[in-house]
Amino acid sequence: MPSPRHLPFARLHNFRDLGGYRSADGRTTAWGVLYRADSLGKLDPADADWDRFLGLGIRTVIDLRYPWEIEAKGRIPEAERFTYANVSIEHRPYDQATIDPALDPWRYLADRFAEVAEDGVEEIRGAIELIADGPGPAVFHCTSGKDRTGLIAALVLTLLGVDEEQILADFALTELATARLTADWHAANPGRPLLWPSYGRAPATVMALVLADLTARHGSPSAYLTDAVGVAPGTIGRLRERLLV
């Protein structure tokens, strides 16, 4: 059963509204202003999904995938309709389908998040600045809307003053899409074994490890964003003005 945050699409399985989270200053993240998603390259202008998507009034699309993923799988149709940016935050590709089943899956994923957090500071800053300053509403996405998308969502919510409990809950909502994401993988890879039994999973434990790692390395997730990523106070102010009500 999808959560109220999941918007129903036939082709998209993990399209969610980031509205309704409480901030430390007593405000709430606005509904209908910022979305997170799995690959918008799956949209087809011939389908009802496309009309549903256009009805949201989205004006900025941030694609977090590698350029080679976009080349292989396509980007959002009619990208020229939007302020579209490819901001590839991950620098060390890996194949989740082939992860060793004997490894601790959640520590393994958290370590990959740590790589993105350290390698991708310039791209992470760019994505956050575009959310703050680009025309809205906006959506950011990767392939499954799980890891790269999950990291950006957690960092944006941190800058908005949303507490860790809510950030972890948002991350874990991908669990409601796991079965469909896994089915899509099998459909796209006929005859290939899926070695890692945790494919498509996103338990809160993973993001808890990620936030703890950022705290251990940088003092706090907020300090990571201001000191390592270089998100300026003005950007944070504009982000809060746009996204909090």
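Right above here is the structure, for reference.
Residues numbered from 1 in each chain as written. Predicted model: local features only at pLDDT ≥ 70, side-chain atom pairs only at ≥ 80, totals over all residues. Heavy atoms only, no water.

Colleague: Help me understand the packing of helix α5 (residues 148–159) against helix α9 (residues 221–229) in this model?
Modeller: When two helices pack together, their arrangement is captured by the angle between the axes and the distance separating the axes. At their nearest, the axes of α5 and α9 sit 9 Å apart, and the two run at 95° to each other. When the axes of α5 and α9 are compared, the pair comes out roughly perpendicular. Every residue of α9 that contacts α5 at L155, T158 and L159 is listed here: P221, S222, Y224 and L225. Here the residues of the contact of α5 with α9 sort into five nonpolar, two polar and no charged. (Axes fitted to C-alpha atoms, helices over the stretch in contact; angles between N-to-C directions. Helix = DSSP H or I, 4+ residues; strand = E, 2+ residues; numbered from the N terminus. Parallel < 35°, antiparallel > 145°, perpendicular 65-115°, else oblique. Contact = heavy atoms within 4.5 Å. Nonpolar A, V, L, I, M, F, W, Y, C, P; charged D, E, K, R; others polar.)

Colleague: I keep staring at the sheet that holds strand β5 (residues 138–141) and nothing clicks. Help me out?
Modeller: Strand pairing in a sheet relies on backbone hydrogen bonds, with the paired strands running either antiparallel or parallel. Taken in spatial order, the five strands make up an open sheet running β1-β2-β5-β3-β4, and their pairing is mixed. Looking at which strands have only one partner, the edges of the open sheet turn out to be β1 (16–17) and β4 (83–86). Set on the sheet, α5 makes contact with β2 (34–37) and β5; between it and β2 the angle comes to about 155°. (Pairing = 2+ DSSP bridges.)

Colleague: I would appreciate a short explanation of the pattern of salt bridges in the present structure.
Modeller: Opposite charge on two side chains lets them pair, provided their charged atoms get close. Counted according to the given criterion, the structure contains 19 salt bridges. Between D170 and R36 there is a salt bridge whose closest N-O contact spans 2.7 Å. Of this pair, D170 sits in helix α6 (residues 164–172) while R36 is found in strand β2, placing the two residues 134 residues apart along the sequence. In this pair, the class of D170 matches that of R36, namely buried. Between E78 and R81 there is a salt bridge; the shortest N-O distance is 2.9 Å. (Salt bridge = Lys/Arg side-chain N within 4 Å of Asp/Glu carboxyl O. Buried < 20%, exposed > 50% of the residue type's maximum accessible area, 1.4 Å probe, protein only.)

Colleague: What am I meant to see in the environment of R92 here?
Modeller: Looking at the secondary structure, you find R92 in the loop between β4 and α3 (105–119). As for R92 and L43, which are separated by 49 residues in sequence, their C-alpha atoms are 27 Å apart. In this structure R92 touches Y66, E115 and D119, once residues within four positions along its chain are discounted. One polar contact links R92 to D119, side chain to side chain, over a distance of 2.7 Å. (Polar contact = N/O pair within 3.5 Å; in protein donor to acceptor, adjacent residues only side chain to side chain.)

Colleague: Got a minute to help me understand α5 in this structure?
Modeller: Turn by turn, an α-helix covers 3.6 residues, leaving residues three or four places apart pointing in a common direction. Given a rise of 1.5 Å per residue, twelve residues ought to cover 16 Å, and the 17 Å separating the end C-alpha atoms of α5 matches this to within 8%. Extensive coverage of α5 is indicated by the burial of twelve of its twelve residues. For α5, every residue scored as buried is listed here: R148, T149, G150, L151, I152, A153, A154, L155, V156, L157, T158 and L159. Phi for G161, located one or two positions after α5, is positive at around 80°. (Expected span 1.5 Å × (residues − 1).)

So, to be careful, I would describe these as geometric facts and stop short of saying anything about function.
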